[in-house]
Each structure stands twice: as C-alpha cells, then as structure tokens.
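Residues per chain are reported as follows:
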Amino acid sequence: MSTPPAPPSAGPPPPRPALWLRLRARWADRHALPRLPYWLLARGTVIVAACGLVYLLNGVLIGWVNAYNVMTGIASPATVRPQWCAWPLSLIGWAAIPAIIGGTAGYLITEQIQAHHARELSAVLDELRRLSEQSGPHTGAGGDP
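Residues numbered from 1 in each chain as written. Predicted model: local features only at pLDDT ≥ 70, side-chain atom pairs only at ≥ 80, totals over all residues. Heavy atoms only, no water.

When two helices pack together, their arrangement is given by the angle between their axes and by how far apart the axes lie. Between helix α3 (residues 64-72) and helix α4 (residues 83-117), whose axes approach to 7 Å, the crossing angle comes to 45°. When the axes of α3 and α4 are compared, the pair comes out oblique. The handedness of the crossing between α3 and α4 is right-handed. Every residue of α4 that contacts α3 at A67, V70 and M71 is listed here: A86, L89, S90, G93, W94 and I97. Across the contact of α3 with α4, the residue classes break down as seven nonpolar, two polar and no charged. (Axes fitted to C-alpha atoms, helices over the stretch in contact; angles between N-to-C directions. Helix = DSSP H or I, 4+ residues; strand = E, 2+ residues; numbered from the N terminus. Parallel < 35°, antiparallel > 145°, perpendicular 65-115°, else oblique. Left-handed = near helix turned anticlockwise from the far one by under 90°. Contact = heavy atoms within 4.5 Å. Nonpolar A, V, L, I, M, F, W, Y, C, P; charged D, E, K, R; others polar.)

Right under this line is the structure:
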C-alpha cells in the first residue's frame, strides 16, 4: 500500500494588513458598541478634547492656577487677563462639563432602572408570595407571635 502524495505547498501565510487598515476596521466596528460607549468614543472624545484644548490655552495664557479657578467657578473670568480666552473656559466649566457628567450618569441610571423593569409584574408578585410563605406567619408591629 502506497502513501498518498503530499499536497502542494500552500506557501507562506498572507501578510498582515497595514496598521492603518487595522485601525480603520476597528473604527468601523465602533457601531457594534452599546449606546453610551459609542457616544463617548464617537462624540464625547471630540467634546472632551475641545474642552481640554481651551483649558490648555488658558493655562498657558492666564496661568494654570487661574485657569483652574476660572473653570471651577472659584474666580470670575472678568478678574483675569486676557479675558477673551477665560470666558469660554468659564462657560465650559459651568455648562459643558456638568452636562457631560450629568448625561452619562442619567444614561447609566436609566439603564439600571430598565434592567429592573424587565421583570414581569406577575413574576415579582409570585416571588413576594413565595418569600412571605417561607418566612412564616407575621405579627403586628412590635407584638410577639
């Protein structure tokens, strides 16, 4: 009995795609993410980067301590020079950052509430009845059985 001939060599494996093609594919896959991570990746990074650039500009022009104080509302943008860059930083600290944080927290809280509302009311009532039967007879407030 003879052995079958060896298959022809398939050759070397194909080269990996270029880095930019792999990054492009990763960027295209972002649509598969849940809503919050998608928003943070697609839109949130742009907003946070813009806020960061305004903060960096102010740090260089008015000083880092003044930039922090203006952004957090400790100091008025009218008290620093130049004011033209301090006013946008003040608005970012007053409106944009709390909106991003509040929106993210609101989304996460809504997701948790919806996860708990996913149970049917009859299933919850059946569970409560079962738990009350397991715990035995109840007494009035403060009374002994």
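Structure shown, so let's carry the discussion forward.
A cluster of nonpolar residues, L53, L56, L57, V60, L61, W64 and W84, forms a patch on the protein surface that exposes about 760 Å² of accessible area. Looking at the nonpolar patch element by element, the count peaks at five residues for helix α2 (residues 35-62). Within the fold, V60 resides in helix α2. (Patch = residues over 30% accessible without salt bridge, like charges linked within 9 Å, V, L, I, M, F, W, Y side chains within 5 Å. Areas by Shrake-Rupley, 256 points an atom, 1.4 Å probe, with all protein chains shown as cover. Salt bridge = Lys/Arg side-chain N within 4 Å of Asp/Glu carboxyl O.)

Take the pattern of salt bridges next. On inspection of all chains with the given rule, the structure shows two salt bridges. As a salt-bridge pair, E111 and R35 come within 3.3 Å of each other at their nearest N and O atoms. Of this pair, E111 sits in helix α4 while R35 sits in helix α2; the two residues are 76 residues apart in sequence, bridging distant segments of the chain. In this structure R35 comes out as exposed when scored by relative accessible area, which is 55%. For R129, the salt bridge identified is with D126, shortest N-O distance 3.2 Å. One end of the pair is R129 and the other is D126, both in helix α5 (residues 121-135) and three residues apart, which spans about a single turn. Taking relative accessible area as the criterion, R129 reaches 48% and is therefore assigned partly exposed. (Buried < 20%, exposed > 50% of the residue type's maximum accessible area, 1.4 Å probe, protein only.)

This part covers the side chain of N58. When you line up the elements, N58 lands in helix α2. A distance of 3.4 Å separates a polar atom in the side chain of N58 from the backbone nitrogen of A86. (Polar contact = N/O pair within 3.5 Å; in protein donor to acceptor, adjacent residues only side chain to side chain.)

Turning next to the confidence of the model for the chain. Detailed reading of predicted coordinates is not advised where the pLDDT is low. When pLDDT is averaged along the chain, the result is 84, and 88% of the positions lie at 70 or above. For the chain, α5 is the element with the lowest average pLDDT, namely 86, and α3 is the one with the highest, namely 95. (pLDDT = per-residue confidence, 0-100.)

What follows is about the nonpolar core. Residues I62, A67, V70, M71, V80, C85, A86 and L89 constitute the largest nonpolar core, which totals eight residues. Broken down by secondary-structure element, the contributors of at least two residues to this core are α3 and α4. Each residue touching V80, except ones within four places of it in the same chain, is listed here: I62, N66, V70 and A86. (Core = buried A, V, L, I, M, F, W, Y, C linked by side-chain atoms within 4.5 Å.)

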